[in-house]
Amino acid sequence: MEAFTEKLILPDIPDLHRIDVYEKHGGYAALRKALAMKPEEVTEEVKKSNLRGRGGACFPTGLKWTFMPKQTDKQKYLCANGDESEPGTFKDRQIFESNPHLFIEGAIITAYAMGINVVYTYIRGEYARWIEMLQKAVDDAYAKGYIGENILGSSFTTQLYLHRGAGAYICGEESALMNSLEGDRGYPRVKPPFPAQNGLWGCPTTINNIETIANIPVIISRGWEWFSKIGEPKQPGTILYGISGHVNKPGVYELPSGTLLTDLIYKHAGGVPGNKKIKAVIPGGSSTKWIRGEQIEGVKMDAESLKAVGTAIGTAGVIVMDEDTDLVSVILRITRFYHHESCGQFTPCREGCGWMEKILKRFQAGEAAPSDLDLLLDVANNIEGNTICALGDAAAWPVQSFIKLFRDELEKKVRGSKPDAAWVPPPHLVSSKP
Amino acid sequence: MFSKENLDTLDGLRVRYPVGKPLVLPALWLAQRQFGWISPEVMKYVAGLLDLPVSHVYGVVTFYTMFNTKPVGKYHLQVCTNVSCLLRGGDRLLDHACGRLNIGKGETTTDNRFTITEVECLGSCGTAPAVQVNDDYHENLSVERLDALLNDLR
Ligand SMILES: Cc1cc2nc3c(=O)[nH]c(=O)nc-3n(C[C@H](O)[C@H](O)[C@H](O)COP(=O)(O)O)c2cc1C
Ligand code: SF4
Ligand code: FES
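For clarity, every value in this text was computed on a predicted model and none was experimentally measured.

**Student:** Run through the environment of isoleucine 278 of chain A, naming residues and quoting values.
**Tutor:** All names here are of chain A. Mapped onto the elements, isoleucine 278 comes out in strand β8 (residues 278-282). Distance in space between the C-alpha atoms of isoleucine 278 and valine 247 is 9.8 Å, their sequence separation being 31 residues. Residues contacting isoleucine 278, with those up to four places away along its chain left out, are Ile265, Tyr266, Val272, Gly293, Ile296, Val320, Met321 and Asp322.

Here you go:
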């Protein structure tokens, strides 16, 4: 089969961020088409396309939409998730910058499909400039009647508002996002109830990632059948792969799902500076499990293929580390991040992340005892699955995989160390769910 | 305390939400822009404006990293040292900035021009290492380019 090379989300069209240019290239035709369909038909189209969420969890988008109640007296809400704070991830920002109207059009169609009249787009606080860019696009779309009352003369009305975060990774977690939007601290909520029943202000709410939403106009205009054939059938479509670290041309590359990791690194991102060997790769943002450099041959970038090698597609943010990298300093930095970002509500995550950081610091300082290796794994294993939200898992997974794949790197730092008698394993780590 | 413009902006946002509480982040952003930081007095003021307990506003302000709870310099250098920046020298940029300005992380120069903060991933991993100065991103930095930037900001 011919390789699919078309760019659907970030096509190379100059000034596409301008509404007139966007319209000239067929923009907002999908909205017109969707408004002529029944809302259920739009949802059905998305369901059949097999689109899966691009926010990290890969949840089938159409299915998620069907969880929203059809008959309800309550207001319904859509939250577009532009918190984009997972280290190694920088794709949604590209959509705001280069193709904001595709996102806006997608958001309105999404709202129409679920009978939603208010859309909030939550964007991380650091993206002040990108919020300005998107706001400009939103204003233009309002002025042209694509958002607001009786959109394009139909009976459908919806508003779209931007809401700026203020620096907190956890607010990308969907329930923390809702708390943050409601004006509280961004603490994740205990689930169930799920957002489709009990979301913003107790009303039915759907949360979707920016890139997920940007795929909707494409599916509506080209049809589910066409879309479902792009890339890997179980997670079809193009993906905005972000590649960073030790490559010659880091950046965002839009390619079909299932693209070979080696193609991404060598063909697209120009290989490793100095032609060095690759020591390790993180495939999908800092929370995904690592891959050893010798094992990247043949690995494809999609949910199923990465699961087969023990990791996940996550946010498709690939981080490459060359042979000279001090891997322990990297895993320590990542662990420090999760410790810093733990919302602190519950013990296993808050304390566990702190312990992992402390133990890794001992390795880094050459002061770790040989038993610290098992202790580290123990702590990670006790965090995984024992937390309210997935941040705990996100912290545990990279550490678990590191110990499995790079035990030698840690052992190297044990040697010659003085045993650390003062530190006793924390007793309540083995305590069950918070 | 708020300028007329800020009061109008805040009022204009009220229609967006069914209740008043979600205005707390927008209000704090306006406050930080007007006053440079969020002092205890500002927290009280915002609480009064939105009819919220001061303790609530305090809880929100301290939860998020971007609200300055003490004054910052004219230029707030927010240096990312997370994984992708680390791999491309973000930690060296931080050390260099601290050395050159002769301050530590979280500190402000005596002339109140610069504050340095170490921050988490800015979403610039593909253009790493990155430093955010106030609202603006500076990317693909090297020690030399950071020096040039600091010269410009003087
Ligand atoms: C700690 C944490 C942080 C997250 N950050 C983000 C984020 O920045 N952006 C995002 O879209 N999803 C993020 N998610 C996933 C969301 O909870 C949610 O699954 C997603 O927004 C749903 O959108 P999708 O179905 O379109 O993928 C995060 C999850 C966790 C546990
Ligand atoms: S897992 Fe961590 S971040 Fe998530 S709710 Fe629990 S303590 Fe908070
Ligand atoms: S790691 Fe520095 S911007 Fe992402």
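**Student:** Give a detailed account of the confidence of the model for chain B, specifying residues and quantitative values.
**Tutor:** Summarising the model, chain B shows a mean pLDDT of 98, and 100% of its residues fall at 70 or more. Across the predicted assembly, pTM comes out at 0.96 and ipTM at 0.98.

**Student:** Any chance you could break down the packing of helix α16 (residues 372-383) of chain A against helix α17 (residues 391-405) of chain A for me, citing the residues and the numbers?
**Tutor:** All names here are of chain A. Interaxial distance between α16 and α17 falls to 8 Å at its minimum, and their mutual angle equals 150°. Between α16 and α17 lies a crossing of left-handed hand. Touching Leu373, Leu376, Leu377, Ala380, Asn381 and Ile383 of α16 are Gly392, Asp393, Ala396, Val399, Gln400 and Ile403, all from α17. Looking at the contact of α16 with α17 residue by residue, the classes come out as eight nonpolar, three polar and one charged.

**Student:** Kindly report on the site of ligand 1, identifying the contributing residues and their values.
**Tutor:** All names here are of chain A. Near ligand 1, the surroundings consist of 19 residues, among which Gly55, Lys64, Glu84, Asn209 and Thr212 are the closest. One of the backbone nitrogen or oxygen atoms of arginine 54 is found 3.4 Å away from an oxygen atom of ligand 1. Asparagine 208 places a side-chain nitrogen or oxygen 3.0 Å from an oxygen atom of ligand 1. Within the complex, the protein chains bury 90% of what would otherwise be the 610 Å² of accessible surface of ligand 1.

**Student:** Residues and numbers for empty space enclosed by the protein, please.
**Tutor:** Residues and elements named next belong to chain A. According to the stated counting rule, one finds three cavities of 30 Å³ or more in the structure shown. Quantified by volume, the largest cavity comes out at close to 110 Å³. Forming the walls of the largest cavity are 14 residues, and the residues nearest its centre are Cys343, Phe346, Cys349, Ile388 and Cys389. Those elements that provide at least two residues to the lining of the largest cavity are α15 (347-364) and α17. When its volume is computed, the second largest cavity comes out at roughly 60 Å³.

**Student:** Would you mind going over the side chain of asparagine 209 of chain A in detail, with residue names and values included?
**Tutor:** All names here are of chain A. You can see asparagine 209 is positioned in strand β4 (residues 205-209). Judged by its relative accessible area of 10%, asparagine 209 is buried. A polar side-chain atom of asparagine 209 sits 3.0 Å from a polar atom in the side chain of lysine 91. If near-sequence neighbours (up to four positions away) are discounted, asparagine 209 is found in contact with Arg54, Gly55, Asn81, Lys91 and Asp92.

**Student:** Just give me the short version of the pattern of salt bridges, but keep the residues and values in it.
**Tutor:** Residue and element names in this part refer to chain A. Applying the stated criterion to the full structure yields 40 salt bridges over all chains. Between arginine 129 and glutamate 132 there is a salt bridge, with its nearest N and O atoms 2.8 Å apart. Linking arginine 129 with glutamate 132, this pair stays in helix α7 (residues 128-143), spanning three residues, or about one helical turn. When the shortest N-O distance is used, the salt bridge between glutamate 351 and arginine 350 registers 3.0 Å. On the accessibility criterion, glutamate 351 (27% relative accessible area) is partly exposed. Looking at arginine 350, the relative accessible area reads 33%, which means it is partly exposed.

The rules behind the values
- Here the residue numbering is sequential within each chain, running from 1 through the sequence in written order.
- All chains are assigned letters beginning at A, and all ligands numbers beginning at 1, according to the order in which they are written.
- Totals for whole chains, interfaces and linings use every residue, but because this is a predicted model, local features are given only for residues with pLDDT of at least 70 and side-chain atom pairs only at 80 or more, for both listing and counting.
- Values shown for side chains rest on all heavy atoms present in the structure; no hydrogens or waters enter the calculation.
- The secondary structure listing takes helices from DSSP runs of H or I that are at least 4 residues long and strands from runs of E that are at least 2 residues long, numbered from the N terminus.
- Whether two residues are in contact is decided by their heavy atoms: any pair within 4.5 Å suffices.
- pLDDT: the predictor's confidence for each residue, scored from 0 to 100.
- Angles shown run from 0 to 180 degrees and are taken between the N-to-C directions of axes, each axis being a line fitted to C-alpha atoms and, for helices, limited to the stretch in contact.
- Should the near helix be turned counterclockwise from the far one by less than a right angle, the crossing is left-handed, whereas a clockwise turn marks it as right-handed.
- Residues are grouped as follows: nonpolar covers Ala, Val, Leu, Ile, Met, Phe, Trp, Tyr, Cys and Pro; charged covers Asp, Glu, Lys and Arg; every other residue, Gly included, is treated as polar.
- Whether a residue is near a molecule or strand is decided by its heavy atoms; if any one of them lies within 4 Å of it, the residue is near.
- Between N or O atoms, a polar contact is any pair within 3.5 Å; within protein, one atom must be a potential hydrogen donor and the other a potential acceptor, and residues adjacent in sequence are included only when both atoms are from side chains.
- Values of accessible area rely on a 1.4 Å probe in the Shrake-Rupley scheme; residue burial ignores everything except the protein chains shown.
- Only protein atoms enter the 1 Å grid used here. Points where a 1.4 Å probe fits but cannot escape make up a cavity, open sets with protein on both sides within 12 Å along at least five of seven lines make up a pocket, and a residue lines them when an atom lies within 4 Å of a point.
- Grid points are joined across faces, edges and corners, and a volume is the space filled by probe spheres set on the points.
- Only protein chains enter the accessibility calculation, which uses a 1.4 Å probe; a residue whose area is less than 20% of its type maximum is buried, one above 50% is exposed, and one in between is partly exposed.
- Every case where a carboxyl oxygen of Asp or Glu lies within 4 Å of a side-chain nitrogen of Lys or Arg is listed as a salt bridge.

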